[in-house]
Amino acid sequence: MTLDDLRVFAAVCRTGALSAAARDLDCTQSAVSQHVKRLERELGLSLLERLPRGVAPTPAGQLLHTAVTEGLGRIDQAVRRIEELARAEGGSVRVTTGATTVRHFMAAAVVEFRRRFPRASLEFQTETSSRGCFEALAAGAVDLAWITLRPAGGAVEQRPVVDLPWSLAVTAGDPLAAKPSIEPADLQDARLIGLPENSTARTQLGTWLAESGVRPVFDTSVTDWDTAILLVGLGLGHAVVPTLPEWTGPGHPDLRLVPIPALPALTAGWAVRRWDALSPLARAFADTVAHHCARLSGRASRSR
């Protein structure tokens, strides 16, 4: 078997169809089929199950796919590290995260990183959920993922960077704006602007609401926190959001963030395949972001 055979097989498992894998790889469906058949002859077992629509890995295929994903990701990382050594500090760092993360957590770190490593490049890939970030890591498509932390399997290592207390975002004229804090009962039947169902933040919030016996109404949905804040300002409802410093102060004079102390803080941080396999540039960027987040958290605590 060859690396090309394994890469094609991984693409078939990822897309769920020979034709889709062929499009992704810019080759013919016949060529994809030949790669898979060569692997099956080599191993003496069927690796794919033909379904009415597409294919799925057999138990043997799933074992191979897991190993291939892990192995190819490490090979790609090793090749990139070798290339960076050859180019000194002129390599790249690939990051996957949500749409608003750079603005809220990384802006100052990006500026400092660019100053320290002017020949390096930063590549950002936007995902709407931690699951999407984990998949990008597993495929070796990125070096770092900035996520809201959750229990993860052994293929991913996580490091917390910042704890984000929750608040209820309301307009200044809302009756809840005068409260020193929000209790679960205050959210009963409230009209809330919700984050995507598959996001870690939405899952944590939903669990807490259910345990508190609270049933708010989610009649508006958005893909990121900034859009939720915008809709609150337009009077479309309330939003339970992490307390981010940028939403307080002169930039949002009509917005109030009322603390929800009973809701456990949301923890954000880095996820990687293996910390000891990170390139020096990727490690430097991760450390720079963590440093600036610590300074930001310190300023936010003093302002409260």
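Looking at this model, I keep getting lost on the sheet that holds strand β10 (residues 239-242). Mind explaining?
Hydrogen bonds between backbone atoms are what pair the strands of a sheet, whose relative direction is either parallel or antiparallel. The antiparallel open sheet is built from three strands, whose spatial order is β10-β7-β11. The open sheet is flanked by β10 and β11 (255-259), the only strands paired with a single partner. For this sheet, the mean inter-axis angle between neighbouring strands, taken without regard to orientation, is 40 degrees. Where strand β7 (residues 166-171) and β10 come together, four bridges link them in antiparallel fashion. The residue bridging serine 167 from the neighbouring strand is valine 241, located in β10. With respect to the sheet, helix α8 (residues 225-233) is in contact with β7, β10 and β11, its orientation differing from that of β7 by roughly 35 degrees.

What is the right way to look at the sheet that holds strand β3 (residues 92-97) in this model?
Read across the sheet, five strands follow the order β4-β3-β5-β12-β6 without closing on themselves; strand pairing throughout is mixed. Of all strands in the sheet, those with a lone pairing partner are β4 (121-126) and β6 (157-164), marking the two edges. Here the average twist between neighbouring strands, direction ignored, is 25 degrees. As paired strands, β3 and β4 are joined by six bridges and run parallel to one another.

I would appreciate a short explanation of the environment of glutamate 135 in the present structure.
Within the secondary structure layout, glutamate 135 lies in helix α6 (residues 130-138). Sequence separation of glutamate 135 and arginine 14 is 121 residues, and the distance between their C-alpha atoms is 9.8 Å.

Quick question: what am I supposed to make of the nonpolar core here?
Side chains that are nonpolar tend, in soluble globular proteins, to be buried together. By size, the foremost hydrophobic cluster in this structure holds 59 residues, and its most contacted members are Leu144, Trp270 and Phe285. Of all hydrophobic cores here, the second largest spans 19 residues; its members include Val8, Cys13, Ala22 and Leu72.

Please clarify how the packing of aromatic side chains should be interpreted in this entry.
Here the distance between the centres and the angle between the planes together describe a pair of aromatic rings. A full pass over the atoms with the stated rule returns six aromatic pairs. Judged by centre distance (5.1 Å) and plane angle (85 degrees), the rings of tryptophan 146 and tryptophan 270 are edge-to-face. Here tryptophan 270 lies in strand β12 (residues 266-272) and tryptophan 146 lies in strand β5 (residues 144-148), a separation of 124 residues in the sequence. According to the relative accessible area criterion, tryptophan 146 is buried, its value standing at 4%. By way of ring pairs, the aromatic residues Phe105, Phe113, Phe117, Phe124, Trp146, Trp270 and Phe285 are connected into one cluster. The aromatic ring of tryptophan 275 is capped on one face by arginine 159, whose charged end is 4.0 Å from the ring centroid.

The rules behind each value
- Residues numbered from 1 in each chain as written.
- Predicted model: local features only at pLDDT ≥ 70, side-chain atom pairs only at ≥ 80, totals over all residues.
- Heavy atoms only, no water.
- Pairing = 2+ DSSP bridges.
- Helix = DSSP H or I, 4+ residues; strand = E, 2+ residues; numbered from the N terminus.
- Axes fitted to C-alpha atoms, helices over the stretch in contact; angles between N-to-C directions.
- Contact = heavy atoms within 4.5 Å.
- Core = buried A, V, L, I, M, F, W, Y, C linked by side-chain atoms within 4.5 Å.
- Buried < 20%, exposed > 50% of the residue type's maximum accessible area, 1.4 Å probe, protein only.
- Phe/Tyr/Trp six-rings, centres within 6.5 Å; stacked < 30°, edge-to-face > 60°.
- Lys NZ or Arg CZ within 6 Å of the ring centre and 35° of its normal.

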